[in-house]
Amino acid sequence: MTDEHKRVFKPDPVLSGITAEEEFVPVDGHKLYAKKDSPGKYLSEALRNRMRLDGKRFWAGDNISDFVTESDREHLINEATEAFETVLDTLLIDRETDPNSKGTARRLAKMYYNEIMAGRYEPAPDATAFPNDSNDRYEGMLVVRSELKSMCSHHHQPVSGVAYIGILAAQKLIGLSKYTRIAQWCARRGTLQEELCNDIAREIMKATDSNNVAVYIQATHGCCENRGIMAHSSLTQTTVLQGAFKDDASVKKEFFDNIKLQQEFAPR
Ligand SMILES: [Zn+2]
């Protein structure tokens, strides 16, 4: 154990009786920490306990960045590596001599935390807002097309598609790339497409203070194409309409007309 790891690790006071760093010990020489005399108590367990006690939901599609620090993430990757090793062993894959399976457990652990589920552990992208309140303020509709990569929480299979985000400009505007950053932050979790659509709409409303937001997603689902019904195409469309997009038929029509124009320009 290096001093560095000892320094960054903060035991969770919620785990009853644990207040001092010394009560955690490295397990089997790994950079794992477990409660002394109770090797089952890993950091992931401490964090789950804390979220339960705080009434914080931690479903696959939830952001839990308030509970997981950068240094926690490093420890969690180590814990997940060990857990994936157990899964590979149970699948009877020889990770000792198969050169392609050596290191796979660690690759999986890093991929989950840093890539395909990164949107659970990272805080919201910060979206600087610019005032849109002068006399010649923009009052029209904005439609932004955002590529999405996600993963279904049922099967952990890839979901791949595009979101079209529509907004009627309010008193402030955010940079164009921020729409996509927010959408990708919502997508990089375990999701259902229906929930993802709601999540993106909610976060865009939060970032822009606009009540007039629409999100249309079309995506293909690995769980329908690679397994189960082995569908040739699993293209699924979902729409969330808020404010004028819901209440005003002409606004709704303009949104879908814009999507069609976008699709002619860049077909999917
Ligand atoms: Zn699925």
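Coordinates for the structure precede this section.
Residues numbered from 1 in each chain as written. Predicted model: local features only at pLDDT ≥ 70, side-chain atom pairs only at ≥ 80, totals over all residues. Heavy atoms only, no water.

1. Here's the deal with the pairing of strand β6 (residues 158-168)
Remember that side chains alternate between the two faces of the sheet whenever the strand is regular. Extensive coverage of β6 is indicated by the burial of ten of its eleven residues. Sheet analysis places strand β5 (residues 141-152) next to β6, joined by eleven bridges and oriented antiparallel. For S150, the partnering residue across the bridge sits in β6 and is V159. (Buried < 20%, exposed > 50% of the residue type's maximum accessible area, 1.4 Å probe, protein only. Helix = DSSP H or I, 4+ residues; strand = E, 2+ residues; numbered from the N terminus. Pairing = 2+ DSSP bridges.)

2. Focus on the nonpolar core
Of all hydrophobic cores here, the largest spans 27 residues; its most connected members are L148, Y179, L196, I200, I204, V215 and I217. Of all the secondary structure elements, the ones that give two or more residues to this core are β5, β6, α6 (176-187), α7 (193-208) and β9 (213-221). Residue contacts for L148: discarding those within four places in its chain leaves V159, S160, G161, V162, A163, A183, Q184, A187, L196, I200 and I217. (Core = buried A, V, L, I, M, F, W, Y, C linked by side-chain atoms within 4.5 Å. Contact = heavy atoms within 4.5 Å.)

3. Some words on the coordination of the zinc ion
All of the protein donors around the zinc ion are C152 (SG), H155 (ND1) and C223 (SG); their distances to the metal are 2.2 to 2.4 Å. Spacing between the donor residues of the zinc ion along the chain follows C-x2-H-x67-C. Of this pair, H155 sits in the loop between β5 and β6 while C223 sits in helix α8 (residues 222-225), and the two are 68 residues apart along the sequence. Residue classification places H155 among the partly exposed residues on the basis of a relative accessible area of 35%. (Donors = N, O, S within 2.8 Å, 3.2 Å for Na, K, Ca; no water.)

None of this, on its own, says anything about what the molecule does.
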